[in-house]
Protein chains: 2
Amino acid sequence: MLITPRTLSGFKDCLPQEAMAKKNLLQKVSEVFLKFGFVPIETPHLEYAEVLVKQGSDEIQKELYRFKDKGDRDVALRFDLTVPLARFIAQYQNQLQLPFKRFAIGNVFRGERAQKGRYREFTQCDFDFIGSDSLSCDAEILQVIYASLVNLDIDEFSIRINHRKILNGICKHFGITQPQDVNATLRIIDKLDKIGEEGVLAELDSELGIKEQQAKEILQYVSIKQNGSSEEFFASIAHLKQWNDELKEGIEDIERLYEILKPLQMDKDCYRVHFCIARGLGYYTGIVYETILTQIPSIGSVCSGGRYDNLTTTFSKQKMSGVGASIGVDRLLAAMKELKLLEGKSTSARALLVCMSEEYMAYAHTLAESFRRSDIAIEIYPDIVKLKKPFSYANTLGHEFVLVIGESEFKAKSITLKNMTSGMQLEDISFLKTLEILKQN
Amino acid sequence: MLITPRTLSGFKDCLPQEAMAKKNLLQKVSEVFLKFGFVPIETPHLEYAEVLVKQGSDEIQKELYRFKDKGDRDVALRFDLTVPLARFIAQYQNQLQLPFKRFAIGNVFRGERAQKGRYREFTQCDFDFIGSDSLSCDAEILQVIYASLVNLDIDEFSIRINHRKILNGICKHFGITQPQDVNATLRIIDKLDKIGEEGVLAELDSELGIKEQQAKEILQYVSIKQNGSSEEFFASIAHLKQWNDELKEGIEDIERLYEILKPLQMDKDCYRVHFCIARGLGYYTGIVYETILTQIPSIGSVCSGGRYDNLTTTFSKQKMSGVGASIGVDRLLAAMKELKLLEGKSTSARALLVCMSEEYMAYAHTLAESFRRSDIAIEIYPDIVKLKKPFSYANTLGHEFVLVIGESEFKAKSITLKNMTSGMQLEDISFLKTLEILKQN
């Protein structure tokens, strides 16, 4: 009986076009990580469930792929790369040098209800700077976000910066001081885009008893953002530093961050303070980031992160502070597709080499070898068939050129070249002439 | 209560040094794949168990990580990349262009008994050429193996070539014709290194009733290998073609393979015919390969593969022929470590930049940015501490240079450079002079 070839609901294959784009994206961001001294680590896809579960929210526990292995161990597939990082740091703390800068690229698993564009297995790409409180780290995380996007040829983006202490300070000023109330307030405010101002005001009242006028004031402060230069902006919010220590510390951290960033050759319009950015509520404790592509803001943040103090609390009494961010690989790929920054090809080869007789195959292989030695990716069509088939193959996959070896080419040790885009055809040209064309275009 | 940070038995973490070496290895072989027109695909780590199980051997079934997911589906973690490839080809046969050249790099899971050097999660790296019978494909697989090793700076290796029809033909000549008997014979002969000639002769007798004299003759033919030039070798075995069609076809395929390979700029000592190579017994049907590193043959084959006819039989009545090979990532890494081809560093950065006061941090970041723009990977030590600590950090991780910014350097906009290997120190030198040194060494 034949088995129906199919993937599980919520899981998907990457066909070559997508897989190449993804590989290329991850390669380009890895280059940036390495240039800043972030090094890769790998952790297993499968862990003891207790290692993963304690730190995850209830939501995560429901979504966990958890089972008993053959040794009756309670195991689970990782649902993110942060909990394994915490486990890793705690486990190797005597071997690792602090500060520890790592990046990790890997798949994670969440059995959430299947919905469009959301998958149960997806790729995360995290970079973190562990074990230092210095704002130099926060500045570097922002530089890595910036450099990663630039390396992907994305230039219209806005990194939105905020500080948890600023949000805490605003809440405190309005009498909201209990952490759970602060979190509830920010969670409700975060729905502004979804449920509108009226909805937010209603929820703040019903859930937290914050009355309309006070709620409106909070909303007004939380919507403060930097529009012009940083000097003007910091001057305009200087008075907030007097409200309380949280606001003072939060604003001064961002001011120091800007002192590091300002002399750099980064476009100053690409990073801006937005008091509305909350990110991961309970988790982050310092500066936080979100990155919006200004041409398609609706896609949401493509790179988010921030500073935290509580990484290893599940495993160790020692406090471990860090700052990091995560690139939304799938979202970024979707965005790049929409921005036409991806090549729509299903081949890595620039040219397809076609042989019209078995007799010329050895010659074709020597030609292909010479092209590859000159750094041209080239593919040989392996079968001896009518030309229609390899041409259709090249057309579908996206080869830019087809090189044909027939009898006359074989005898003259030449090549006939066809440009698949323009249709231009050059007959019986030399290897060097062909190489020149393949290199040029 | 704190959770003990630990990995599951048989699972392991890759620390930066190993993870960097692995990343580099996979990057270099991927470059080669892409240059030959092999494109990446990705399939999920988790599949319907029925998709994975039918094609796997009993051994594999016992080792499968299999469980019920929350939707009560019978699911399992993949144990190789070949079965998912078969499922992929069958599932997308109407979308894919044949021949289909794909590579896949990913982790697979086998719950085998934990033993030294064997892990329950490990990385596979496969490349296959599906849907063509042409020997051009077989020749290309061999070229990819060759080019991959050369790209990893490995030059002393031997790709051993054989053909299943040659082994079948030798067996046939000695009256062994049933496939299961042929397989049993080859499996026993494969133990030659382990149990010696006497052991093999004893087992051939007890299991298959092959008497000593005949067994010795079989052994003699199976140990034929190419020592000198291919011309001499093929002349010396020409008479075997008359024994039967299997031998004739097998030898002629290899002769044609050599016709394609001979004109190429590949070292002819690096590929040789060995009649003893069997590989995957039941699975392969044509030319097979094994790759031995001649300086450390004991490590076994680092890249193996061959031609098969039965890829998609679980999913489709359509026969699908292919030829491919798999790089033993862990084995190759271990070999490269032994051959001292790996850098023993735990950092990607060439230099560590150290600031002696918070005040100079912005200057340090502008310097680091300039180095990175000149393609030098550089890391900033984020904390302001006594110099001993960052120097020890650089020493342990393997930075080649430490650049120090103290008061005089900050004022003069200069740098003090220390070469961590030679101990050479240059004080108050310019950015350009520093760049020159970092580029040179």
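Source: prediction; values computed, not measured.

Visitor: Even after reading the chapter, I still don't get the packing of aromatic side chains, so can you show me in this structure?
Guide: For any pair of aromatic rings, the description consists of the separation of the ring centres together with the inter-plane angle of the planes. As enumerated under the stated definition, the model contains 41 aromatic pairs over all chains in all. A ring pair is formed by F11(A) and Y65(A), whose centres lie 6.1 Å apart and whose planes are at 70 degrees; its orientation type is edge-to-face. Linking F11(A) in the segment before helix 1 (16-35) with Y65(A) in the loop between helix 3 (58-63) and strand 3 (66-68), this pair joins segments that are 54 residues apart in sequence. As far as the burial class goes, F11(A) and Y65(A) line up, both buried. Seen in terms of ring centroids, F88(A) and F100(A) are 6.1 Å apart; in terms of plane orientation they differ by 20 degrees. Their pairing is stacked. Of this pair, F88(A) sits in helix 4 (residues 82-91) while F100(A) sits in strand 5 (residues 100-109), and the two are twelve residues apart along the sequence. Like F100(A), F88(A) is buried. Here the basic side chain of K101(B) rests over the ring of F38(B), its NZ or CZ set 4.8 Å away from the ring centre.

Visitor: When you look at the sheet that holds strand 1 (residues 39-40) of chain A in this model, what are you seeing that I'm missing?
Guide: Whether parallel or antiparallel, the strands of a sheet pair through hydrogen bonds between backbone atoms. All names here are of chain A. Ordered in space as 1-5-6-11-10-9-7-8, the eight strands form an open sheet in which the pairing is mixed. On the outer flanks of this sheet lie strand 1 and strand 8 (271-273), each paired with one strand and no other. For strand 9 (residues 287-293) and strand 10 (residues 303-308), the ladder comprises two bridges, and the chain directions are antiparallel. In the sheet register, Y289 faces strand 10, and the bridge partner there is G305. On top of the sheet, helix 6 (residues 164-173) reaches strand 7 (157-163) and strand 9; it is set at about 55 degrees to strand 7, its chief contact.

Visitor: Please explain the environment of I376(B) as it appears in this structure.
Guide: With respect to the helices and strands, I376(B) occurs in the loop between helix 13 (361-373) and strand 13 (378-380). Spatially, the C-alpha atoms of I376(B) and L438(B) are 7.4 Å apart, while their sequence positions differ by 62 residues. If near-sequence neighbours (up to four positions away) are discounted, I376(B) is found in contact with K35(A), R350(B), F371(B), L435(B), L438(B) and K439(B).

Visitor: So what exactly am I meant to see when it comes to the pattern of salt bridges here?
Guide: Two side chains carrying opposite charge are able to pair once their charged atoms lie near each other. The tally for this structure, following the rule as stated, stands at 51 salt bridges over all chains. A salt bridge links R272(A) to D269(A); the shortest N-O distance between them is 2.8 Å. Classification of R272(A) by relative accessible area gives buried; the value is 14%. For E231(B), the salt bridge identified is with K262(B), shortest N-O distance 3.0 Å.

Visitor: Please explain the relation of the copies chain A and chain B as it appears in this structure.
Guide: The two chain copies are connected by a rotation around an axis plus a translation along it. The two copies are related by a screw operation: chain A maps onto chain B through 180 degrees of rotation and 0.0 Å of translation along the axis, at an RMSD of 0.0 Å. The superposition operator between the copies reduces to a two-fold rotation axis. Residues of chain A ranked by C-alpha distance from the rotation axis are headed by F67(A), positioned 3.2 Å from it. The overlap is high: 99% of the interface residues of chain A also sit at the interface in chain B, so the same surface is used on both sides.

Visitor: Help me understand the domain arrangement of chain A in this model?
Guide: When the parts of a complex come together, some accessible area is lost, and that lost area is often used as the size of the interface. Domain assignment breaks chain A into domain 1 (13-149 + 314-319), domain 2 (157-294) and domain 3 (351-439). One C-alpha centre belongs to domain 2 of chain A, the other to domain 3 of chain A, and the line joining them spans 60 Å.

Visitor: Mind showing me how you'd approach empty space enclosed by the protein here?
Guide: Take a probe with the size of a water molecule and roll it over the atoms, and the empty space left behind shows itself. Per the stated rule, a full pass over the model turns up three cavities of 30 Å³ or more. The space that makes up the second largest cavity amounts to roughly 150 Å³. Contributing to the lining of the second largest cavity are 13 residues, with K12(A), K22(A), N107(A), E121(A) and E42(B) lying nearest its centre. Considering each element in turn, the lining of the second largest cavity owes the most residues, three residues, to strand 6 (residues 121-130) of chain A. Of the residues in the lining of the second largest cavity, the class split is four nonpolar, three polar and six charged.

Visitor: What's the story with the side chain of S136(A) in this structure? I'm lost.
Guide: When you line up the elements, S136(A) lands in helix 5 (residues 135-151). Owing to a relative accessible area of 0%, S136(A) belongs among the buried residues under this scheme. In this structure the side chain of S136(A) is engaged in a polar contact, spanning 2.9 Å, whose partner is the side chain of H365(B). Beyond its immediate chain neighbours, meaning those up to four positions away, S136(A) contacts I260(A), M361(B), H365(B), I380(B) and P382(B).

Visitor: Looking at this model, I keep getting lost on the nonpolar core. Mind explaining?
Guide: Considering soluble globular proteins, one finds that nonpolar side chains tend to be buried as a cluster. Residues F127(A), L332(A) and L403(B) are the most contacted members of the largest nonpolar core, which totals 101 residues. With nine residues, helix 5 of chain A is the largest single contributor of residues to this core. In this structure, F127(A) is in contact with F33(A), F38(A), R102(A), F103(A), I141(A), V144(A), I145(A), C303(A), V323(A), G324(A), A325(A) and I327(A), ignoring residues within four places of it in sequence. Ranked by size, the runner-up nonpolar core spans 100 residues in total, among them I145(B), L149(B), V273(B) and A335(B).

Visitor: Would you mind showing me how to read the interface of chain A and chain B here?
Guide: Taken together, the 112 residues of chain A in the interface contact 111 residues of chain B. Taken over both partners, the interface formed by chain A and chain B buries close to 9,200 Å², and the fraction arising from carbon and sulfur atoms is 58%. Ranking the residues of chain A by area buried against chain B places I3(A), L8(A) and K35(A) at the top, with a combined share of 8%. At the junction of chain A and chain B, the tally comes to nine salt bridges. A salt bridge links D375(A) to K35(B); the nearest nitrogen and oxygen atoms lie 2.7 Å apart. There are 45 residue pairs in polar contact (both at pLDDT 80 or more) connecting chain A and chain B. For the side of chain A that touches chain B, the leading source of residues is helix 1 of chain A, giving nine residues.

Visitor: For this particular structure, what's the right way to read the UniProt feature "binding site: L-histidine" (unreviewed entry) in chain A?
Guide: All names here are of chain A. UniProt tags D80, L81, T82, R110, Q124, D128, R279, Y283 and Y284 as "binding site: L-histidine" (unreviewed entry). Apart from residues no more than four positions distant in its own chain, T82 is found in contact with D126, Y283 and L311. Mapped onto the elements of the fold, Q124 is located in strand 6. Setting aside its immediate chain neighbours within four residues, Q124 contacts D80, L81, A104, I105, G106, V108 and R110. Among the polar contacts listed, one links the side chain of Q124 to the backbone nitrogen of L81, at a separation of 3.3 Å.

Visitor: I tried to follow the sheet that holds strand 16 (residues 425-429) of chain B on my own but got confused; where do I start?
Guide: Residue and element names in this part refer to chain B. The strand order across the open sheet formed by five strands is 13-12-14-15-16, and the pairing between neighbours is mixed. Strands at the two margins of the open sheet, each flanked by one partner only, are strand 13 and strand 16. Looking at each pair of strands side by side, their axes are set apart by 20 degrees on average, direction ignored. The pairing of strand 12 (residues 351-355) with strand 14 (residues 401-405) spans five bridges and is parallel. Within the sheet, the bridge partner assigned to C355 lies in strand 14 and is I405.

Visitor: Got a minute to help me understand the side chain of E47(B) in this structure?
Guide: Mapped onto the secondary structure, E47(B) falls in strand 2 (residues 46-48). Among residues more than four places away in sequence, those in contact with E47(B) are R6(A), L8(A), L52(B), D74(B), V75(B), A76(B), P84(B) and R87(B).

Visitor: Just to check I follow, could you spell out the pairing of strand 12 (residues 351-355) of chain A for this structure?
Guide: Consecutive side chains along a regular strand alternate between the two faces of the sheet. Residue and element names in this part refer to chain A. Of all five residues that make up strand 12, five are buried, and the element is covered over most of its length. The pairing of strand 12 with strand 13 (residues 378-380) spans three bridges and is classified as parallel. Across the sheet, residue L352 finds its bridge partner in strand 13, namely E379. Each parallel crossover has a hand, and for strand 12 linked through helix 13 (residues 361-373) to strand 13 it is right-handed.

Calculation rules
- Residues numbered from 1 in each chain as written.
- Chains lettered and ligands numbered in written order.
- Predicted model: local features only at pLDDT ≥ 70, side-chain atom pairs only at ≥ 80, totals over all residues.
- Heavy atoms only, no water.
- Phe/Tyr/Trp six-rings, centres within 6.5 Å; stacked < 30°, edge-to-face > 60°.
- Helix = DSSP H or I, 4+ residues; strand = E, 2+ residues; numbered from the N terminus.
- Buried < 20%, exposed > 50% of the residue type's maximum accessible area, 1.4 Å probe, protein only.
- Lys NZ or Arg CZ within 6 Å of the ring centre and 35° of its normal.
- Pairing = 2+ DSSP bridges.
- Contact = heavy atoms within 4.5 Å.
- Axes fitted to C-alpha atoms, helices over the stretch in contact; angles between N-to-C directions.
- Salt bridge = Lys/Arg side-chain N within 4 Å of Asp/Glu carboxyl O.
- Least-squares fit on C-alpha atoms with pLDDT ≥ 70 in both.
- Domains from an automatic or database assignment.
- 1 Å grid on protein atoms, 1.4 Å probe; cavity = no way out; pocket = protein on both sides within 12 Å on 5 of 7 lines; lining within 4 Å.
- Points joined across faces, edges and corners; volume = space filled by probe spheres on them.
- Nonpolar A, V, L, I, M, F, W, Y, C, P; charged D, E, K, R; others polar.
- Polar contact = N/O pair within 3.5 Å; in protein donor to acceptor, adjacent residues only side chain to side chain.
- Core = buried A, V, L, I, M, F, W, Y, C linked by side-chain atoms within 4.5 Å.
- Buried area = accessible area lost by both parts, 1.4 Å probe.
- UniProt positions renumbered as here; feature names shortened; annotations may be inferred.
- Right-handed = clockwise from strand over helix to strand, strands pointing away.

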